[in-house]
Amino acid sequence: MAESGLIIVDKPGEWTSHDVVAKMRRIAGTRRVGHAGTLDPMATGVLVVGVEKATRLLGHLALTEKVYEATMRLGVSTNTDDAEGEVVATASAAEVTEAEIRKGIAALTGEILQVPPQVSAIKVNGQRAYKAARAGEAVELAARPVTVRSFEVLDVRRGRNTAGADVVDVDAVVTCSSGTYIRALARDLGAALGVGGHLTRLRRTRVGPYDLSLARSIEQLAEECVVLPIGEAVAAAFPRRDVTAEEARVIGHGGRLPAAGLGKGPIGVFGPEGELLALVEEQGRVAKPLAVFVP
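The following refers to the structure shown. (Residues numbered from 1 in each chain as written. Predicted model: local features only at pLDDT ≥ 70, side-chain atom pairs only at ≥ 80, totals over all residues. Heavy atoms only, no water.)

**Some remarks on the overall build of the chain**
Point 1. Within the chain one finds eight helices and 19 strands.
Point 2. When the 295 residues of the chain are sorted by exposure, 46% land in the buried category.
Point 3. Taking as baseline every contact in the chain between residues at least 6 positions apart, the subset at least 24 positions apart corresponds to 69%. (Helix = DSSP H or I, 4+ residues; strand = E, 2+ residues; numbered from the N terminus. Buried < 20%, exposed > 50% of the residue type's maximum accessible area, 1.4 Å probe, protein only. Contact = heavy atoms within 4.5 Å.)

Given below as structure tokens:
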């Protein structure tokens, strides 16, 4: 059996997240493989892949904070809000000032309501939005609350696209909550400036505590499949609680423990020998198991 743990993949461009999972199944020698948080095909960077028992962590890891490096082009709108789509509108961005760009970015920072892109995996009436959009149907997507903790401009570059139109490329680093669409930020920034916008480059540099320093390319993993052991993965991502032998017995049978006041969200529970036992969540005075990893 393959070792249970996480594989931090540096996803190449043009690969879907499912492509990566299929490849990692072959490399790891197991079908029990999944990922935490989809990356669009054009995007590169950190994709957290779980193997064996660690697949049970993925839903919790997908909810952690993420960091992206992005390039947003002002002056061109597409039907997907990124460079993969068809151009639906153009407008000269020659008169857009850097001060206006920074003001627009400030309005998109903090706790905001964001409408997901039409071409997205959000379900509407039981159907993925992208399927309806590709069938030519207009999809009404509700705005959702997301948090953009930081939206930092690295560079503002002016130029012309292949059609000769004046465009502005904004390089930025975005730190945000799960569920935030960076291409929707590009769309909304362009809309606020009256010229339209879309995403031309996206690289995810961090998911929770896992960053590019831990990531390996598909080629590197084919040579050596580096797995972050499940215990280390949990200790890096969540608060840690060490328990006694008796408490370990209780949690090992799916029982509850008294709350330890460690706050909201998953907590890693470790036994007397330092072994990972479970993920729990505190609710009132008790800690309830979310996932038990023993025996």
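**Observations concerning the environment of V96**
Point 1. On the secondary structure map, V96 appears in the loop between β6 (87-90) and α3 (98-107).
Point 2. Each C-alpha atom of the pair V96 and R201 lies 21 Å from the other, and the pair is 105 residues apart in sequence.
Point 3. Residue contacts for V96: discarding those within four places in its chain leaves I101, R158, L193 and V195.

**Some remarks on unusual backbone geometry**
Point 1. In this structure, E52 is a non-glycine residue whose phi angle is positive, near 55°.
Point 2. Mapped onto the elements of the fold, E52 is located in the loop between β3 (44-51) and α2 (58-61).
Point 3. At D81, a position not held by glycine, the phi torsion is positive, near 70°.
Point 4. On the basis of relative accessible area, D81 is assigned to the buried category, the value being 9%.

**Topic: the side chain of E282**
Point 1. One can find E282 in strand β18 (residues 276-283).
Point 2. Of the polar contacts made by the side chain of E282, one reaches the backbone nitrogen of A260; its length is 2.7 Å. (Polar contact = N/O pair within 3.5 Å; in protein donor to acceptor, adjacent residues only side chain to side chain.)

**Considerations on the sheet that holds strand β17 (residues 266-270)**
Point 1. Spatially, β15-β17-β18-β19-β16 is the arrangement adopted by the five strands of the open sheet, whose pairing is mixed. Strands with a single pairing partner mark the edges of an open sheet, and in this sheet they are β15 (240-242) and β16 (257-258).
Point 2. Taken strand by strand, helix α8 (residues 245-252) contacts β15, β16, β18 and β19 (286-292), and its axis lies near 80° from that of β18. (Pairing = 2+ DSSP bridges. Axes fitted to C-alpha atoms, helices over the stretch in contact; angles between N-to-C directions.)

**Structural notes on helix α5 (residues 182-192)**
Point 1. Within α5, eight of the eleven residues are buried, which leaves the element mostly enclosed by the surrounding structure.
Point 2. The inward-facing, buried residues of α5 contact β4 (66-74), α3, β7 (110-114), β10 (144-160), β11 (166-176) and β12 (197-207).
Point 3. Phi for G194, located one or two positions after α5, is positive at around 80°.

**Considerations on the pattern of salt bridges**
Point 1. Enumeration over the complete set of coordinates arrives at 16 salt bridges.
Point 2. With its nearest N and O atoms 2.7 Å apart, the salt bridge here joins R149 to E65. Of this pair, R149 sits in strand β10 while E65 sits in the loop between α2 and β4, placing them 84 residues apart in sequence.
Point 3. With a relative accessible area of 54%, R149 lands in the exposed category.
Point 4. As a salt-bridge pair, D169 and R157 come within 4.0 Å of each other at their nearest N and O atoms. Here R157 lies in strand β10 and D169 lies in strand β11, a separation of twelve residues in the sequence.
Point 5. Among the ionic contacts, a cluster of salt bridges with common partners joins R73, D155, R157, D169 and D171. (Salt bridge = Lys/Arg side-chain N within 4 Å of Asp/Glu carboxyl O.)

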